[in-house]
Amino acid sequence: MAEKTPPRISPASLEQQIASGRVQPVYLLIGPDDEAKARLVARLAETVEEDLRPFNVDKMYPAEQKDEARKQFWNLMQLVRTLPLMSPRRVIVVAHAERLMPIFKQADDEAAREPVDRSGRRARKAVPKAAGEAELEALEQYLLSPSPETTLVFVAGPDLKRNVKPVMLIEKHATVVACNPLSGAGDAEAWVRAEAAKEGIRIEAGAGRLLATLAGGDITRLRAEFERALLFASGDG
């Protein structure tokens, strides 16, 4: 039977998972809405009791220097298997996850260049592991059998390359959260209506369309225009 791939969900669905206590072992947060990603990371951290967060909530910021990033990766692989301290859960956040991907690059390139024999099959080579291959194997092994006491969260920026092997592995085994509320036509207006409802105000359809037009499909700009409109409506703008 084919292996089941975790679903791609919305930020609201992740909020529901957290509220119901059904937090998954691995998440990948993608999309242009950085504020939504930051909010979700904070909500996941809150699944650990406040007094215990210094011991059970960790954030990793991959270094730009590849050797240092490789050391960070192996520390991460050790940390994800470490039992939480006096808590049922440990939360580990990898910020700017795209910066971690270069440590796998040579292994990814080697896979692409692997020779093919006359039958069309990959030829086997008895050679030492290329740089990045051990890291790729460790990542895959963890994704296949993640720790049930750990929630590992990859937070990716716009530079994440989706067609490289480590990212494809993460997308295959992680629950992907698409933080992109403006992915379709009319979504900007729907976002404005939803945010207005949260604020307890009613917004005219024309005003919603105007804000959507001003934003031009950019969630960061739309959020700024909406907040400006709120200030104006309250008399503070």
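The paragraphs below set out a description of the structure included in this document. Remember, it's a predicted structure, so these values are computed and weren't measured experimentally.

1. Looking at the overall build of the protein
Stage number 1. Counting secondary structure elements, the protein contains ten helices and six strands.
Stage number 2. Evaluated residue by residue, the protein yields a buried proportion of 40% over its 237 residues.
Stage number 3. Excluding contacts between residues fewer than 6 apart, the proportion of contacts in the protein whose partners are at least 24 apart in sequence is 75%.
Stage number 4. A total of about 14000 Å² of accessible surface is found on the protein, and carbon and sulfur atoms cover 52% of it.

2. Some details on the pairing of strand β3 (residues 57-60)
When a strand is regular, its side chains alternate between the sheet's two faces.
Stage number 1. With four bridges connecting them, β3 and strand β4 (residues 90-94) associate as parallel partners. Bridge assignment links Met60 to a residue of β4, and that residue is Val94.

3. Concerning the packing of helix α6 (residues 133-144) against helix α7 (residues 165-173)
Stage number 1. In contact at an axis separation of 10 Å, α6 and α7 are set at 5° when each is read in the N-to-C sense. As far as their axial angle goes, α7 and α6 are roughly parallel. Contact with α6, carried on its side by Leu136, Leu139, Glu140, Leu143 and Leu144, involves Lys165, Pro166, Leu169, Ile170 and His173 of α7 and no other residues of that element.
Stage number 2. Grouping the amino acids of the contact of α6 with α7 by side-chain chemistry returns seven nonpolar, one polar and two charged.

4. Description of the environment of Leu28
Stage number 1. Among the secondary structure elements, Leu28 is positioned in strand β2 (residues 26-30).
Stage number 2. Taking the C-alpha atoms as reference points, Leu28 and Phe154, separated by 126 residues in sequence, lie 4.7 Å from one another.
Stage number 3. Filtering out sequence-adjacent residues up to four positions away, Leu28 remains in contact with Phe154, Ala156, Ile170, Glu171, Ala174, Thr175, Val176 and Val177.

5. Thoughts on the environment of Lys59
Stage number 1. Positionally, Lys59 belongs in strand β3.
Stage number 2. A relative accessible area of 51% means that Lys59 is categorised as exposed.
Stage number 3. For the pair Lys59 and Val93, spaced 34 residues apart in sequence, the C-alpha to C-alpha distance is 4.7 Å.
Stage number 4. Setting aside anything within four residues of it in sequence, one finds Lys59 in contact with Val41 and Val93.

6. A look at α6
Helical periodicity: at 3.6 residues per turn, an α-helix aligns residues three or four positions apart in one direction.
Stage number 1. The terminal C-alpha atoms of α6, which comprises twelve residues, lie 16 Å apart, in line with the 16 Å expected from a rise of 1.5 Å per residue.
Stage number 2. All of the buried residues in α6 are Glu135, Leu136, Ala138, Leu139, Tyr142 and Leu143. Buried positions in α6, seen along its axis, are confined to an arc of 165° and lie on one side of it. Facing away from the buried side of α6 by over 90 degrees, the exposed positions are Gln141 and Leu144.

7. Considerations on the side chain of Arg70
Stage number 1. Among the secondary structure elements, Arg70 is positioned in helix α4 (residues 66-80).
Stage number 2. Taking relative accessible area as the criterion, Arg70 reaches 18% and is therefore assigned buried.
Stage number 3. Among the polar contacts made by the side chain of Arg70, one reaches the side chain of Glu135 at a distance of 3.0 Å.
Stage number 4. Ignoring sequence-local partners within four residues, the contact set of Arg70 consists of Ile103, Ala131, Gly132 and Glu135.

8. Topic: a nonpolar patch on the surface
Stage number 1. Nonpolar side chains collect at one region of the surface, where Phe55, Leu85 and Met86 lie side by side and expose about 330 Å² of accessible area between them.
Stage number 2. Looking at where Leu85 falls in the secondary structure, it is placed in the loop between α4 and β4.

9. Re the pattern of salt bridges
A side chain of one charge can pair with a side chain of the opposite charge when the charged atoms of the two come close.
Stage number 1. Using the criterion set out here, one finds 13 salt bridges in the structure.
Stage number 2. One salt bridge in this structure joins Glu204 and Arg202, with 2.9 Å as the shortest N-O distance.
Stage number 3. With a relative accessible area of 72%, Arg202 lands in the exposed category.
Stage number 4. Sharing partners across several salt bridges, the network here consists of Glu15, Arg39, Arg43 and Glu46.

10. Considering the packing of aromatic side chains
Stage number 1. On inspection of all chains with the given rule, the structure shows two aromatic pairs.
Stage number 2. Where Phe73 meets Trp74, the ring centres are 5.3 Å apart and the plane angle is 75°; that geometry is what we call edge-to-face.
Stage number 3. Residue Phe73 is classed as buried on the basis of its relative accessible area, which comes to 1%.
Stage number 4. Under the relative-accessibility criterion, Trp74 is labelled partly exposed at 37%.
Stage number 5. Members of the aromatic cluster, connected to one another through ring pairs, are Phe73, Trp74 and Phe104.

Procedures and definitions
- The numbers attached to residues start from 1 for each chain and follow its sequence in the written order.
- Side-chain atom pairs in this predicted model are given and counted only at pLDDT of 80 or more, local residue features only at pLDDT of at least 70, and totals for whole chains, interfaces and linings cover all residues.
- The side-chain numbers reported here are obtained from all heavy atoms of the structure, hydrogens and water having been left aside.
- Each helix is a run of H or I in the DSSP string that is no shorter than four residues. Each strand is a run of E no shorter than two, and both are numbered from the N terminus.
- Buried residues are those whose accessible area, probed at 1.4 Å on protein chains only, stays under 20% of the maximum for their type, while exposed residues exceed 50% and partly exposed ones sit between those limits.
- Any two residues having at least one pair of non-hydrogen atoms within 4.5 Å are treated as being in contact.
- Areas reported here follow the Shrake-Rupley algorithm with a probe of radius 1.4 Å; residue values treat only the protein chains shown as occluding.
- Note on pairing: two strands pair once DSSP finds at least 2 bridges between them.
- Geometry is summarised by axes, namely lines fitted to C-alpha atoms with helices restricted to the contacting stretch, and by angles between N-to-C directions that run from 0 to 180 degrees.
- Comment on the angle field: the value is read as roughly parallel under 35 degrees, roughly antiparallel over 145, roughly perpendicular from 65 to 115, and oblique elsewhere.
- Under the grouping applied here, Gly and all other residues not named as nonpolar or charged are polar, the nonpolar ones being Ala, Val, Leu, Ile, Met, Phe, Trp, Tyr, Cys and Pro and the charged ones Asp, Glu, Lys and Arg.
- Expected helix span is taken as 1.5 Å per residue step, with the number of steps being one fewer than the number of residues.
- Taking the helix axis as origin, the arc is that swept by the directions to the C-beta atoms.
- Think of a polar contact as two N or O atoms within 3.5 Å of one another; within protein, one of them needs to be a possible hydrogen donor and the other a possible acceptor, and neighboring residues in sequence only count if both atoms come from side chains.
- Patch membership is restricted to residues that have no salt bridge and whose relative accessible area is over 30%. Joining uses 9 Å for like charges and 5 Å for the nonpolar side chains Val, Leu, Ile, Met, Phe, Trp and Tyr.
- We define a salt bridge as a side-chain nitrogen of Lys or Arg found within 4 Å of a carboxyl oxygen belonging to Asp or Glu.
- Only the six-membered ring of Trp is used, alongside the rings of Phe and Tyr, when aromatic pairs are assigned; centres must lie within 6.5 Å, and planes under 30 degrees apart are stacked while those over 60 apart are edge-to-face, with the rest tilted.

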